[in-house]
Amino acid sequence: MRVLLIGSGGREHAIAHALARSPRLAALFTLPGNAGTAALGVNVPGDPCDIGLALDVARREGIDLTVVGPEDPLAAGVVDAFQAAGRRIFGPTRHAAQLESDKAFAKQMMKMLAVPTAESRVFDTYYLAKKYIATRDEGVVVKAAGLAKGKGVIVCPDPADGILAAENILEKKMFGEAGRQIVVEELLLGREASLMVVTDGKTIVELDAAQDYKRLRDGDEGPNTGGMGAYCPSGAIDAATMRGIESEVLVPILAAIGREAAPYCGVLYVGLMLTAGGPKVLEFNCRLGDPETQAILPRLRTDFLDLAEAAVEGRLEQVDVQWDDRAAVCVVLASGGYPEKSTAGLPISGLRDAATGAEDVFVFHAGTRHEADRVVTAGGRVLGVTALGSSVAAARDRAYERASQIHFEGVHYRRDIAADVAAASDSAAPDISRSGG
Ligand code: AMP
Ligand code: GLY
């Protein structure tokens, strides 16, 4: 099968890697890809949101299936355009992708379906937002309603900071058009988990849940980022909790999307806060998480190409999902200055050493590209080093050992990815218990 993959991050390299393990993959094209995907197929330069270009590539290269990695092309309607052209594509339509691209839409749908989530209000004027936040004596979370690369959320334990955040987003346009509207939410407390499912709108295939680390610095300090590391399985969602999430979140949301427009096809990502009052939805994404994917897909034994194709063909009930029992830990290596800015073009050394001689270590490229015969930085999150191990502790040690072999000017990464759970798994059972599906 000839596959076109859209995107250029660490998630896309992990998807490309999973696709490349399929005996059915004949050729892989990535639009635009990075230095990692270039080793697995052909990178096609261009804007991943250029739908006309994606269609041209699909026609020219005789593509049988297109897989969309990031949210922006989905929000721009790439799936609708491919479907209209009679081409098979894995991902939700523009309407369904509003669950991610418009937080006000997602909140309204959750309210309508009584899906457990934080209490919230939507504002498009600073004056009204300020008036509302001033009445709150508990913490608030202020979110740009539109797409802001995972950085459009400001957590404010002190409501006075919430007023500032509302001003920065609505008046000072710190997130540009993505902040035309804001959502102001109650601050929830608890442990977080990322749950991803693959669905054709009828069958829900749960992927093992993962834990993401969104803050820049150790100890969950510093600004929110796209994600600085992850481990899988998260172990945070037991079977009973999972059944509750299915019946109170997944089934009603997918049914509502199907009623309003077309069946949801692709990945639905549910960001959860496991509060004392039960799990509550923090956000929906309409695609795989980054860097969660880098910790999830290396554990997937089932052929990812089969899984994506079955979803597109509406026969997911036929797929039996199998997992590697080992744990996976992914550590993200970021550029100096990330998330505010990053320096491109810095040479990266040690890549070969880090990946050599180990079937259980994966160096996933994110912001990288080839320059002459070198690999150089090309973005904020540069690499994700994933290792598998018999316990989270073992996987973690291995991931850090390999990450330390890679160098570029300004490189930094969190030192505490999976540290808490590794300490717990070291002192309790050495093996990981399965969670999720
Ligand atoms: P989101 O992109 O909406 O998932 O938000 C990014 C991060 O902000 C989440 O992973 C949480 O750590 C935090 N967050 C978002 N909403 C809330 C909330 N209502 N209460 C507490 N933390 C939140
Ligand atoms: N890691 C969070 C996300 O992909 O949205």
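Below is a summary of the structure that appears in this document.

The rules behind each value
- Along each chain, numbering runs from 1 in the same order as the chain's sequence is written.
- Working convention: letters from A go to chains and numbers from 1 go to ligands, in the order in which they are written.
- Local features in a predicted model are, by the rule used here, given only for residues with pLDDT of at least 70; side-chain atom pairs are given and counted only at 80 or more, and totals for whole chains, interfaces and linings are based on all residues.
- Based on all heavy atoms of the structure, the side-chain values leave hydrogens and waters out of the count.
- Any residue with a heavy atom positioned within 4 Å of a molecule or strand is treated as near that molecule or strand.
- Counting of polar contacts relies on pairs of N or O atoms within 3.5 Å, with two restrictions inside protein: one atom must be capable of donating a hydrogen and the other of accepting it, and residues adjacent in sequence are counted only when both atoms are side-chain atoms.
- In this description, accessible areas are obtained by the Shrake-Rupley approach with a 1.4 Å probe, and a residue is regarded as covered only by the protein chains that are shown.
- Numbered from the N terminus, helices here are DSSP runs of H or I no shorter than four residues, and strands are runs of E no shorter than two.
- Here the nonpolar group is Ala, Val, Leu, Ile, Met, Phe, Trp, Tyr, Cys and Pro; Asp, Glu, Lys and Arg are the charged ones; every other residue, Gly included, is treated as polar.
- In this analysis the probe radius is 1.4 Å and the grid spacing 1 Å, with only protein atoms considered; a cavity is a set of points the probe fits into but cannot get out of, a pocket is an open set with protein on both sides within 12 Å along at least five of seven lines, and lining residues have an atom within 4 Å of a point.
- Grid points are joined across faces, edges and corners, and a volume is the space filled by probe spheres set on the points.
- Three exposure classes are used, based on accessible area relative to the maximum for each residue type with a 1.4 Å probe and protein chains only: buried under 20%, partly exposed in between, and exposed over 50%.
- Think of it as the arc spanned by the lines of direction from the helix axis to the C-beta atoms.
- Here, residues are in contact when the closest pair of their heavy atoms is within 4.5 Å.
- Nine residue types can take part in a nonpolar core, namely buried Ala, Val, Leu, Ile, Met, Phe, Trp, Tyr and Cys, and a core is a set of them joined through side-chain atoms within 4.5 Å.
- Strands are labelled as partners when DSSP assigns at least two bridges between them.
- Here is the rule: rings of Phe, Tyr and Trp (six-membered ring for Trp) pair when centre to centre is within 6.5 Å. Planes less than 30 degrees apart are stacked, more than 60 are edge-to-face, and the remainder are tilted.
- Salt bridges are defined as contacts in which a side-chain nitrogen from Lys or Arg sits within 4 Å of a carboxyl oxygen from Asp or Glu.
- The angle between two axes is taken between their N-to-C directions and runs from 0 to 180 degrees, where each axis is a line fitted to C-alpha atoms and a helix contributes only its stretch in contact.

Another aspect to go through is the site of ligand 1. Taken together, 16 residues sit near ligand 1, with Lys143, Glu185, Leu188, Glu192 and Glu283 positioned nearest. Here an oxygen atom of ligand 1 and a side-chain polar atom of glutamate 192 are 2.4 Å apart. Within the complex, the protein chains bury 93% of what would otherwise be the 470 Å² of accessible surface of ligand 1. Among the secondary structure elements, those contributing two or more residues to the shell around ligand 1 are strand S7 (140-144), strand S8 (153-156), strand S9 (182-186) and strand S17 (278-285). Tallied by class, the residues present in the shell around ligand 1 amount to eight nonpolar, one polar and seven charged.

What follows concerns the layout of surface pockets. When its volume is computed, the second largest pocket comes out at roughly 470 Å³. In this structure, the second largest pocket is lined by 20 residues; those nearest its centre are Ala39, Leu351, Ala355, Val363 and His365. Looking at the lining of the second largest pocket, the elements with two or more residues in it are helix H1 (10-20), helix H2 (35-38), helix H13 (351-355), strand S19 (361-365) and strand S21 (374-377). The greatest single-element share of the lining of the second largest pocket, amounting to four residues, is contributed by S19. A class-by-class count of the residues in the lining of the second largest pocket yields ten nonpolar, seven polar and three charged.

Here helix H3 (residues 51-60) has its buried residues at Ile51, Ala54, Leu55, Val57 and Ala58. Buried residues of H3, seen end-on, are gathered within an arc of 160 degrees and therefore sit on one face of the element. Buried positions along H3 lie against strand S1 (2-7), strand S2 (27-32) and helix H5 (78-84).

With that out of the way, let us pick up the nonpolar core. Membership of the largest hydrophobic core comes to 48 residues, with the highest contact counts inside it found for Val78, Leu99, Leu195, Ile237, Leu268 and Phe284. Among the elements that line this core, the one with the most residues is helix H10 (residues 239-260), at eight residues. Not counting residues up to four positions away in its chain, the partners in contact with leucine 268 are Leu99, Leu195, Met196, Val197, Leu250, Ile253, Leu254, Phe284 and Asn285. One finds Ala18, Leu307, Phe364 and Leu388 within the second-largest nonpolar core, a separate group that totals 43 residues.

Looking now at the sheet that holds strand S22 (residues 381-389). Across the sheet, which stays open at both edges, the five strands sit in the order S12-S15-S18-S22-S19 with antiparallel pairing between neighbours. Strands with a single pairing partner mark the edges of an open sheet, and in this sheet they are strand S12 (211-212) and S19. By the bridge criterion, five bridges tie S19 to S22 in an arrangement that is antiparallel. What sits directly across from valine 363, in S22, is valine 385.

Using the criterion set out here, one finds five aromatic pairs in the structure. Ring geometry for phenylalanine 362 and phenylalanine 364: centres 5.7 Å apart, planes at 10 degrees, overall stacked. Side by side, phenylalanine 362 and phenylalanine 364 carry an identical accessibility label, which is buried. Relative to tyrosine 413, the ring of tyrosine 400 has its centre 6.1 Å away and its plane inclined at 35 degrees; by these criteria the two rings are tilted. Separated by 13 residues along the polypeptide, tyrosine 400 in helix H14 (residues 392-403) and tyrosine 413 in the loop between H14 and helix H15 (419-427) bring together distant segments of the chain.

This model, assessed by the stated rule, comprises 31 salt bridges. One salt bridge in this structure joins arginine 414 and aspartate 220, with 3.1 Å as the shortest N-O distance. Here aspartate 220 lies in the loop between strand S13 (215-217) and strand S14 (221-224) and arginine 414 lies in the loop between H14 and H15, a separation of 194 residues in the sequence. Linked through salt bridges whose partners overlap, the residues forming this network are Arg24, Arg88, Asp306, Glu309, Glu313 and Arg315.

Lining the immediate surroundings of ligand 2 are Asp212, Lys214, Gly226, Tyr269, Asn285, Arg287, Gly289, Asp290, Pro291 and Glu292. Between ligand 2 and glycine 226, the relevant distance is 3.1 Å, taken from a nitrogen atom to a main-chain nitrogen or oxygen of the residue. At 2.9 Å, a side-chain N or O of glutamate 292 approaches a nitrogen atom of ligand 2. Burial of ligand 2 by the protein amounts to 92% of the accessible area it has alone, namely 200 Å². Residue composition of the shell around ligand 2, by class: two nonpolar, three polar and five charged.

With respect to topology, four strands assemble into an open sheet ordered S6-S9-S7-S8, the strand pairing being antiparallel. Each of the sheet's edge strands pairs with one partner strand only, and the pair in question is strand S6 (120-123) and S8. The average undirected angle you get between the axes of adjacent strands in this sheet is 20 degrees. Alignment of S6 against S9, held across four bridges, turns out to be antiparallel. What sits directly across from serine 120, in S9, is glutamate 185. The strands touched by helix H8 (residues 126-134) within the sheet are S6, S7 and S9, with S6 carrying the most contacts at an inclination of about 155 degrees.

From the geometry alone we can't say anything about function, so treat these as descriptive.
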